[in-house]
Amino acid sequence: MSPVGADPASAAGTSAGRDVGSFGRPEVTSALGTATRPDPASAVDAMTAPDAAPLRTEAPRGSAPDGPAGVPPSVAHGPAAQPTGVLARFEDWVRRTPQAPAVIDGDRTWTYRDIDTAAARVTTALSDRVRPGDLVGVCLDRSAALVVTAVALARAGAVYLPLGPRPGERRTEAVTEDLDVVCLIGDPAVLPPRHRAGERTALPLPTEGGNAPAVPVAAFTAPATGARRAPDGALYAVLTSGSTGRPKAVAVAEPALSVALDWYRSETGLAPGDRQSLLIGVAFDPHLLELWAGLTSGAALVPAPDDVRWDSRVLTDWWRDAAVTVSVAATPMVEPLLDRPWPRDLKLRHLVVGGDRMRRRPGRDVTATVHNAYGPAEATVVTTTYAMRGTDAKAGCPEPPPIGTPLPGVTVVVTGDDGRPVARGQDGELRIGGHCLALGYLDPELTARRFTAPPQDPPLPGVERLYRTGDRVRMTADGSLEFLGRLDDQVKISGVRIEPAEVEAAFERDPAVHSAVVTVLRDASDTARLVAHVRPAAGGEPAAGDLLAAVRAWLPEQAVPTVVRIVDGYPLDANGKVDRAALAAVAPNPAGTAATAGDPAGATPTERLVLATVRDLLGRPGTTLDDNFTDSGGTSVVAARLLTAVERETGVRLRAPELLRSTDLRAFAALLDERRTPRPEGA
């Protein structure tokens with residue numbers, strides 16, 4: 001294993017620290033920018049690690065408006081950084097260690113040469129139809145096929161648009177109507193009808209492994225009139241929730257991703273011999289950090305089986321069995337692990353956690369370094385981090401850790417309503433600048449609103465744009481950031497940013513619905529759930545279950561509300577607008593049910609346990625034993641909590657697929673009883 005921060009050149013015993021060539025900061029001369037993709041062939045020598053200069057938090061010239069005398073403004077700069085290459089680093093490892101494992105999926109291993117060869121074949125198969133700059137939707141799961149596709153599209157100069165293995169049919173149709181997606185890659189069974197019926201090209205992708213596609217194809221259709229293309233220089237684009245009711249896409253260039261990867265390799269020491277998780281859902285941008293971190297470090301990627309996201313115990317078992325040494329995981333997946341003793345036999349050294357607010361620090365028994373990471377897709381996955389170890393003085397403290405300090409090449413600014421920096425210690429909106437910034441949205445008008453010029457007073461040398469995150473933060477005296485919440489209606493559910501307006505629009509597509517308003521319900525643990533308040537159209541009698549089934553075709557899992565309330569109207573505030581606070585204060589009562597349905601006559605103790613737990617987790621007191629878990633609003637995160645709760649009470653550990661296969665909650669309770677071992681008398 002090469003030392004921390006070592007690059008392929010130094011690991012192989014050759015000279016390092018060479019000139020980085022033409023990879024400076026991308027030029028930005030328009031709303032979307034004009035940065036172009038670096039030529040991979042010219043990036044082989046761009047292997048220097050990021051500058052190890054310390055965090056700069058000195059005040060720029062001028063002073064924070066209205067700040068106390070002597071208190072510097074809320075501005076912090078990460079260490080200096082120089083963008084390098086991404087694809088070129090992978091190709092260098094192919095030349096240096098062609099037989100090293102690149103992907104390990106169960107008992108099947110693909111070497112760096114295998115991935116490179118397969119990617120070349122896929123590039124050739126697509127060459128007649130896919131051109132540089134074309135958007136390609138990827139409907140694959142975590143697998144060798146996904147890795148090969150990412151390399152092939154980067155090599156072709158196409159723009160990788162991850163949609164995930166089970167994209168909602170209506171959502172996919174909306175994306176391909178708004179964006180000029182030249183083709184979708186995936187198994188025909190998961191593609192929307194228009195693409196299943198269109199022209200298809202068989203792709204030589206790997207079909208082995210737990211999540212591999214059975215019949216991978218590229219499905220082509222004609223783009224919709226007026227569909228938007230990606231800006232020049234984009235390496236990938238990802239979807240984020242849109243306030244217009246349709247998802248919006250943000251495009252990221254290779255130099256921006258390279259800076260994040262340089263930090264990741266340096267911070268974790270990821271190198272040949274390591275095993276990097278491929279765990280994050282493919283529709284979300286952190287999976288790109290995992291995927292390319294492994295390929296640019298000479299390490300092996302280990303795709304996670306699907307059931308690890310439902311059960312934190314299955315996750316730790318997988319870390320152990322797969323010998324994972326570095327992992328990325330969503331905060332809701334990790335927090336349950338911190339509530340029980342940390343497994344002692346893991347090889348895991350570093351765990352990067354993000355996507356939601358972390359509510360406590362890891363305990364003293366945690367042997368991995370846990371990085372609390374923050375970063376929107378518009379700033380390339382990660383922009384600030386805070387590292388925690390079991391030896392820290394505050395280890396185990398039940399308090400939220402900060403989101404930390406900026407990565408190399410990143411500038412963070414906390415601003416007031418006027419867009420100028422506030423004094424340290426004051427709340428404000430977080431704005432981000434530097435190498436990390438995305439090129440912008442595929443909508444130029446939206447880009448102009450959210451990516452703005454920096455303030456002139458005080459000046460921010462070297463910063464040409466700032467992204468407005470909409471997050472409320474506070475900068476402490478040492479330049480570290482504390483996350484305080486959102487400034488708008490946007491909410492995070494299970495680590496995914498959700499715009500209530502997008503959820504409302506999905507309900508309003510039903511002709512039986514006049515309007516919908518979505519509010520957020522938080523329980524005692526501050527876990528957020530969505531509640532949809534639906535007003536029927538004249539003569540309409542929508543059923544909650546039917547509405548939920550319909551919106552699942554439009555929304556990602558995390559955006560599907562757990563409760564639907566049928567209402568006659570909405571309370572209004574003094575300005576005549578819907579009073580969301582008053583609406584949210586109404587007890588979430590599922591349509592057509594009483595506030596609490598009560599225990600059914602003759603229910604067994606296990607049935608009462610399951611029913612009470614599901615009602616509490618979903619916030620649906622009207623749930624009955626005849627209800628299906630998923631149809632009632634159950635998600636992967638809720639399933640994990642349910643499985644943990646029943647194991648704590650019964651001693652029976654079930655897996656997520658067993659819950660999902662149960663026709664209703666009564667059947668799930670019966671399965672628990674079958675597995676349950678009677679406790680000794682007096683136990």
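Conventions used here
- Residue numbers run consecutively from 1 along every chain, following the written order of its sequence.
- Reporting in this predicted model follows two pLDDT cut-offs: at least 70 for local features of residues, and 80 or more for side-chain atom pairs to be given and counted; totals over whole chains, interfaces and linings ignore these cut-offs and use all residues.
- In computing side-chain properties, one takes all heavy atoms of the structure into account and sets aside hydrogens as well as water.
- When two rings of Phe, Tyr or Trp (its six-membered ring) have centres within 6.5 Å they constitute a pair, described as stacked for plane angles under 30 degrees, edge-to-face for angles over 60, and tilted for the intermediate range.
- Charge-over-ring placement is defined geometrically: NZ (Lys) or CZ (Arg) within 6 Å of the ring centre, and within 35 degrees of the ring normal.
- What counts as a helix is a DSSP run of H or I of at least four residues, what counts as a strand is a run of E of at least two, and both are numbered from the N terminus.
- The term polar contact refers here to a pair of N or O atoms within 3.5 Å; inside protein, the definition further demands a hydrogen-donor-capable atom paired with an acceptor-capable atom, and it admits residues adjacent in sequence only when both atoms are side-chain atoms.
- Strand pairing is defined by DSSP finding a minimum of two bridges between the two strands.
- Note on definitions: angles span 0 to 180 degrees between N-to-C directions of axes, and those axes are lines fitted to C-alpha atoms, for helices only across the stretch in contact.
- Contacts between residues were defined by any pair of non-hydrogen atoms, one from each residue, lying within 4.5 Å.
- One speaks of a salt bridge when a side-chain nitrogen belonging to Lys or Arg is within 4 Å of a carboxyl oxygen belonging to Asp or Glu.
- Throughout this description, buried means an accessible area under 20% of the type-specific maximum (1.4 Å probe, protein chains only), exposed means over 50%, and partly exposed covers the range between.
- The definition used for a disulfide is geometric: two cysteine sulfur atoms within 2.5 Å.
- An angle counts as roughly parallel when it lies under 35 degrees, as roughly antiparallel when it exceeds 145, as roughly perpendicular when it falls between 65 and 115, and as oblique in every other case.
- We call a crossing left-handed when the near helix sits turned anticlockwise from the far one by less than a right angle, and right-handed when that turn is clockwise.
- Each residue gets one label: Ala, Val, Leu, Ile, Met, Phe, Trp, Tyr, Cys and Pro are nonpolar, Asp, Glu, Lys and Arg are charged, and the others, such as Gly, are polar.

A separate point is the packing of aromatic side chains. Inspection of the entire model under this criterion finds six aromatic pairs. Against the face of Trp-110 rests Arg-108, its NZ or CZ located 4.3 Å from the ring centre. Arg-129 extends its terminal NZ or CZ atom over the ring of Phe-220, reaching a point 4.1 Å from the ring centre.

Let us look at the environment of Arg-349. Summarising the element assignment, Arg-349 is placed in the loop between helix H10 (331-334) and strand S14 (350-354). Separated by 18 residues in sequence, Arg-349 and Thr-367 place their C-alpha atoms 7.2 Å apart. A polar atom in the side chain of Arg-349 sits 2.6 Å from the side chain of Asp-274.

Turning next to the sheet that holds strand S27 (residues 528-536). The strands making up a sheet are joined through hydrogen bonds of the backbone, oriented either antiparallel or parallel. The sheet built from three strands is open, its strands ordered S26-S27-S28 with mixed pairing. The outermost strands of the open sheet, each flanked by one partner alone, are strand S26 (513-522) and strand S28 (563-566). The sheet shows a mean angle of 25 degrees between the axes of neighbouring strands, taken without regard to direction. By the bridge criterion, four bridges tie S27 to S28 in an arrangement that is parallel. For Val-534, the partnering residue across the bridge sits in S28 and is Ile-566. Its contacts with the sheet put helix H12 (residues 500-508) on S26, S27 and S28, and the angle it makes with S26 is roughly 145 degrees. Along the sheet, helix H13 (residues 544-551) makes contact with S26, S27 and S28, crossing S28 at roughly 125 degrees.

Once that is clear, we can look at the pattern of salt bridges. A full pass over the atoms with the stated rule returns 31 salt bridges. Ionic pairing is found between Arg-142 and Asp-141, a salt bridge with its closest N-O pair at 3.9 Å. Of the residues examined, Arg-142 reaches a relative accessible area of 3% and is grouped as buried. Judged by its relative accessible area of 8%, Asp-141 is buried. Residues Asp-345 and Arg-320 are paired through a salt bridge, measuring 2.8 Å at the closest nitrogen-oxygen approach. With Asp-345 in the loop between H10 and S14 and Arg-320 in helix H9 (residues 312-321), this residue pair connects regions lying 25 residues apart in the sequence.

All right, on to unusual backbone geometry then. The phi dihedral of Thr-380 falls on the positive side, at around 60 degrees, and the residue is not glycine. Note on placement: Thr-380 falls in the loop between strand S15 (369-374) and strand S16 (384-388). Thr-380 gets classed as buried once you look at its relative accessible area, which sits at 1%. Backbone geometry at Val-381 places phi at a positive 75 degrees, although glycine is not the residue there. Turning to its location among the elements, Val-381 is positioned in the loop between S15 and S16.

Here the structure, examined in full by the defined rule, presents zero disulfides. Cys-139 takes part in no disulfide bond, and the closest cysteine sulfur, belonging to Cys-183, lies 9.7 Å away.

Further remarks concern helix H2 (residues 87-96). Of all 10 residues in H2, eight are buried, a share of seventy percent or more. Among the residues making up H2, those that are buried are Leu-87, Ala-88, Arg-89, Phe-90, Glu-91, Asp-92, Trp-93 and Val-94.

This part is about the environment of Ala-145. Mapped onto the elements of the fold, Ala-145 is located in helix H4 (residues 144-156). Along the backbone, Ala-145 and Pro-206 are 61 residues apart, and their C-alpha atoms lie at a distance of 5.1 Å. Beyond its immediate stretch of four places on either side in the chain, Ala-145 contacts Leu-140, Leu-205, Pro-206 and Pro-213.

Because the α-helix completes a turn every 3.6 residues, residues three or four places apart line up on one side. Judged by how many residues are buried, H12 sits mostly within the fold: seven of nine residues are covered. Looking only at H12, the buried set comprises Pro-500, Glu-502, Val-503, Glu-504, Ala-505, Ala-506 and Phe-507.

This paragraph deals with the packing of helix H15 (residues 605-618) against helix H18 (residues 665-675). Between H15 and H18, whose axes approach to 9 Å, the crossing angle comes to 130 degrees. In terms of orientation, H15 lies oblique with respect to H18. The chirality of how H15 crosses H18 is right-handed. Seen from H15, the contacting residues are Thr-606, Glu-607, Val-610, Leu-611 and Val-614; seen from H18, they are Leu-665, Arg-666, Phe-668, Ala-669, Leu-672 and Asp-673. Taken together, the residues of the contact of H15 with H18 sort by class into seven nonpolar, one polar and three charged.

Two elements in contact, helix H3 (residues 112-126) and H4, have axes whose closest approach is 8 Å; the angle formed by their N-to-C orientations is 55 degrees. The angle between the axes of H3 and H4 places the two elements in the oblique class. For H3 against H4, the interelement crossing comes out right-handed. Judged by residue contacts, Ile-115, Asp-116, Ala-118, Ala-119, Ala-120, Val-122, Thr-123 and Leu-126 of H3 engage Val-147, Val-148, Val-151, Ala-152, Leu-153, Arg-155 and Ala-156 from H4. Along the lines of polarity and charge, the residues of the contact of H3 with H4 split into 12 nonpolar, one polar and two charged.

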